[in-house]
Every structure is written in C-alpha cells, then in structure tokens.
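Overview (structure and organization)
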Amino acid sequence: KRFQRPGELLRMALSSIAETAAARTGLELIRATARKDRQAFKELYDRHAPRVGRYLYTLLKQPDLVDEAMNDTLLAAWQNADRFDPAVGQLSTWLFGIAHHEGLKILRRVGRFRADQSLDTRSPAAFDEDQEGEQNFQAVALNSPEQTVLGWELGGVLQWALEQLPTEQRGVIELAFGEELSYSEIAAIVGCPTNTVKTRVFHARKKLAQFLAQRGF
C-alpha cells in the first residue's frame, strides 16, 4: 500500500473542506450571513449575482445604474438576512424581490420609470386562450431549436422590442422567460397579485409580437 506524503494529505483535506463549503445550501448561507459571516455572504453573492445582475440590466440598461442597484441589493440583503423566511418563498425569489424594488427606486429617481397603463377587463384564463398576434414571440420564448435559430435572426431587433415595453412589463418578461419563474414567484418578487402578473405578461407578449411584425418578423 502506497504511503501518502504529508503534502498529499494536506491537499486532500483542503479539497474536502472546499467540497463541504460548496455543498452548503442557500438557507445555510443566508443564516450564516445573518450572523455576519462574510465568507458565507461572499458565497451567496457568487451564487446569485449573475442572475440578479442580468435582471437588473434588463430593467436599467446602464452599467453604472446596474452597479448602484446591485450594491444597494447586497447591502439590503446583508442588513436584512435575518428576515428571510424559507416558509414564505425561495431565497432566490427573496433576492430578486430586493433587486426589483431597488431597481425601480433608481428608475424613479432618474426619471426613467415607465408605468404600465394597459387595462384589460378579461379574466386571467382568457389570456391563456388568446393566441392572435403572439406566434412570433411564442416561437422565440419556447425552449426549442426554433428559438435558437430565431434568436440568431432577431438579434438586436428583439432587444429593441423589449426596450420599448413599459418597465413593469419588461421585468415580468425577463422573469418569466429569462429566469423561467412561475407566475406566483414573479408576483412575490414584484409585489403584486398573480392575476396582475398574468395581465402584464399578456400585454407584453402582444406588444412584442406587434413590434416584431413592424420589423418584418
């Protein structure tokens, strides 16, 4: 049997420690953060920052504003980690909710918030049945080979169309199709009833289809 040298034993021990740290759940990390464990907070940041940052960029569109919103989100998470309740929702939903409200605060401050003025008296079930004018956007939104091909073809046109949407509609589209969250999760993030989320998604999809049709798609 080969004798393991001290250096090999040390590397194995460090590797085991690293694997244990990586295996810590989000709940363990946020509870450690509530105890002001900076290493846990760093792990939490590394795990969630890419998704949260992408969402903030969808809302704000300016890197300097995204950085400001991300800093505000991190500060709020650090200061309020003890308030997270796993019985209410997932940690990622809680973090997205903080980011959403910090992003909207910045948009209002700089005068770039665009409220959704769309009104619709139909029931939410009717939104799921209404297919007219939505085929183009649905093709892009679904996870399929067609999505990839159309994504290449649309490129900046789809990005342009998204930027034409009111802030609240753009946000729910990113959460629904970019992050693949449920209506109930989105409602918890943006702080509104589930039916309101359905309404916003419905109008956003319809507008996107119209914008794409204007550009020949």
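Residues numbered from 1 in each chain as written. Predicted model: local features only at pLDDT ≥ 70, side-chain atom pairs only at ≥ 80, totals over all residues. Heavy atoms only, no water.

**Some details on the environment of L181**
Relative to the elements of secondary structure, L181 occurs in the loop between α10 (167-178) and α11 (183-190). Residue L181 is classed as buried on the basis of its relative accessible area of 14%. In the structure, L181 is positioned 88 residues away from T93 in sequence and 9.1 Å away in space, judged by C-alpha atoms. Not counting chain neighbours up to four residues away, the residues in contact with L181 comprise R51, L175, A176, I186 and I189. (Helix = DSSP H or I, 4+ residues; strand = E, 2+ residues; numbered from the N terminus. Buried < 20%, exposed > 50% of the residue type's maximum accessible area, 1.4 Å probe, protein only. Contact = heavy atoms within 4.5 Å.)

**Structural notes on helix α3 (residues 38-60)**
Taking 1.5 Å per residue, 23 residues should reach 33 Å; α3 reaches only 28 Å between its end C-alpha atoms and comes up short. The largest bend along α3 measures about 50° and falls at H48, with the proline P50 one to four residues further on. The N-cap residue of α3 is D37: its side-chain oxygen and the backbone nitrogen of Q39 are 3.0 Å apart. Backbone geometry just after α3 places K61 at a positive phi near 70°. (Expected span 1.5 Å × (residues − 1). Bend = angle between axes of the 7 residues up to and from the residue. Polar contact = N/O pair within 3.5 Å; in protein donor to acceptor, adjacent residues only side chain to side chain.)

**Overview of the nonpolar core**
In this structure, L56, L60, L175, I186, V190 and V197 are the most contacted members of the largest nonpolar core, which totals 26 residues. Where this core is concerned, the elements lending two or more residues are α3, α4 (63-79), α5 (91-110), α10, α11 and α12 (194-214). (Core = buried A, V, L, I, M, F, W, Y, C linked by side-chain atoms within 4.5 Å.)

**Structural notes on helix α9 (residues 156-163)**
Inspection of α9 places V157, L158, A161 and L162 among the buried residues, and these make up the whole buried set. Projected down its long axis, α9 shows its buried positions confined to an angular sector of 140°, all on one face. (Arc of directions from axis to C-beta.)

**Here we look at the environment of Q169**
The topology assignment puts Q169 in helix α10. The sequence separation of Q169 and V197 amounts to 28 residues, and the corresponding C-alpha distance is 8.6 Å.

**Things to note about unusual backbone geometry**
The phi dihedral of K61 is positive, around 70°, even though this residue is not glycine. At E180, a position not held by glycine, the phi torsion is positive, near 55°. In this structure, E180 sits in the loop between α10 and α11.

**A closer look at the pattern of salt bridges**
Opposite charge on two side chains permits pairing when their charged atoms draw close. Considering all chains together, one arrives at seven salt bridges under this definition. The partner of E102 in a salt bridge is K105, and the shortest N-O contact between them spans 3.3 Å. Pair noted here: E102 and K105 are both in helix α5, with a separation of three residues, about one helical turn. Between E168 and R200 there is a salt bridge, with the nearest N and O atoms lying 3.6 Å from each other. Here the residue E168 occupies a position in helix α10, and R200 occupies one in helix α12, the gap between them amounting to 32 residues. The burial state of E168 is the same as that of R200; both residues are buried. (Salt bridge = Lys/Arg side-chain N within 4 Å of Asp/Glu carboxyl O.)

**Some thoughts on the packing of aromatic side chains**
Enumeration over the complete set of coordinates arrives at four aromatic pairs. Aromatic side chains Y55 and F96 sit 5.8 Å apart centroid to centroid with 85° between the ring planes, which places their arrangement in the edge-to-face category. One end of the pair, Y55, is in helix α3; the other, F96, is in helix α5, with 41 residues separating them in the sequence. Residue class for F96 comes out buried when judged on its relative accessible area of 2%. (Phe/Tyr/Trp six-rings, centres within 6.5 Å; stacked < 30°, edge-to-face > 60°.)

**What about the confidence of the model for the protein chain?**
Put simply, the protein chain has an average pLDDT of 79, and 69% of its residues get 70 or more. Here residues 117-124 is modelled with pLDDT under 50, and outside its nearest four sequence neighbours on either side it reaches twelve contacts, counting other chains as well. Confidence drops under a pLDDT of 50 for residues 129-142, and excluding neighbours within four residues, the segment shows 25 contacts in the predicted structure. (pLDDT = per-residue confidence, 0-100.)

**Focus: the side chain of T58**
In this fold, T58 is placed in helix α3. A polar contact is formed between the side chain of T58 and the side chain of E174, at a distance of 3.5 Å. Those residues in contact with T58 that lie beyond four places of it in its chain are R170 and E174.

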